Amino acid sequence: MKKTLTKADIVERIYESTDKNRVDVKNVVEKLLEIMKNAIKKDNALLISGFGKFEAYDKASRKGRNPQTDEAITLPPRKVVVFRLSRKFRAELNS
């Protein structure tokens, strides 16, 4: 089974390749993620050249059903975020 890369793993890899201490690296990673989240909330999009684009959009309410009772329900509207790979990264991934 493949291991998922976590925020702690990212901090550790950056720490190992720099002369900064773990606390500083963790703070920078946290700040970066905060900036990314705020950009998606505010602008509904975040573009990282050579990597991809995160986009938030509104989904309308829709009909659904409770699988336990088979009762029809209406699911409320919500925001969802999708990620689209850049062409360059997709080419690297598929080569």
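Here the structure is shown first, and the text comes after it.
To start, this report covers the structure provided alongside it. This structure is a prediction, so every number in the text was calculated from the model and none was measured.

In this section: the pairing of strand β3 (residues 62–65). In this structure, β3 lies alongside strand β4 (residues 72–75), joined through four bridges in antiparallel fashion. Its bridge partner being in β4, R62 is matched across the sheet by L75. Two successive antiparallel strands, β3 and β4, enclose a turn made up of six residues, where D70 displays a positive phi of approximately 65 degrees.

Right, let's get into the environment of K63. Along the chain, K63 turns up in strand β3. Residues K63 and I40 lie 23 residues apart in sequence; the distance between their C-alpha atoms is 27 Å.

Glancing now at the nonpolar core. In this structure, M36, A39, I40, L46, F54 and A56 together form the largest nonpolar core, which totals six residues. Sorting the residues of this core by element identifies α2 (22–43) and β2 (52–59) as the ones contributing at least two each. Top element by residues in this core is α2. It accounts for three residues. Each of domain 1 (1–43) and domain 2 (44–94) contributes no fewer than three residues to this core. Each residue touching M36, except ones within four places of it in the same chain, is listed here: L46, I48 and F54.

A separate point is the pattern of salt bridges. With the rule as written, the count across this model stands at eight salt bridges. For the salt bridge of E34 with K31, the shortest nitrogen-to-oxygen distance reads 3.7 Å. One end of the pair, E34, and the other, K31, are both in helix α2, three residues apart, so they sit about a helical turn from each other. A relative accessible area of 45% places K31 in the partly exposed class. A salt bridge links R84 to E55, with the nearest nitrogen and oxygen atoms 2.4 Å apart. Taken together, the residues span a long stretch of sequence, with R84 in strand β5 (residues 78–85) and E55 in strand β2 at a distance of 29 residues. You can call R84 partly exposed: its relative accessible area is 45%. We classify E55 as partly exposed; its relative accessible area is 24%. Through salt bridges with shared partners, a single network forms among K53, E55 and R84.

Bringing unusual backbone geometry into the picture now. Of note in this structure, N44 is not a glycine but carries a positive phi near 65 degrees. In this structure, N44 sits in the loop between α2 and β1 (45–48). A residue is classified by how much of its surface remains accessible, and N44, at 30% relative accessible area, is partly exposed. For D70, which is not glycine, the phi torsion reads 65 degrees and is therefore positive. Since its relative accessible area comes to 54%, D70 is described here as exposed.

Quick notes on the rules
- Residues numbered from 1 in each chain as written.
- Predicted model: local features only at pLDDT ≥ 70, side-chain atom pairs only at ≥ 80, totals over all residues.
- Heavy atoms only, no water.
- Pairing = 2+ DSSP bridges.
- Helix = DSSP H or I, 4+ residues; strand = E, 2+ residues; numbered from the N terminus.
- Core = buried A, V, L, I, M, F, W, Y, C linked by side-chain atoms within 4.5 Å.
- Buried < 20%, exposed > 50% of the residue type's maximum accessible area, 1.4 Å probe, protein only.
- Domains from an automatic or database assignment.
- Contact = heavy atoms within 4.5 Å.
- Salt bridge = Lys/Arg side-chain N within 4 Å of Asp/Glu carboxyl O.

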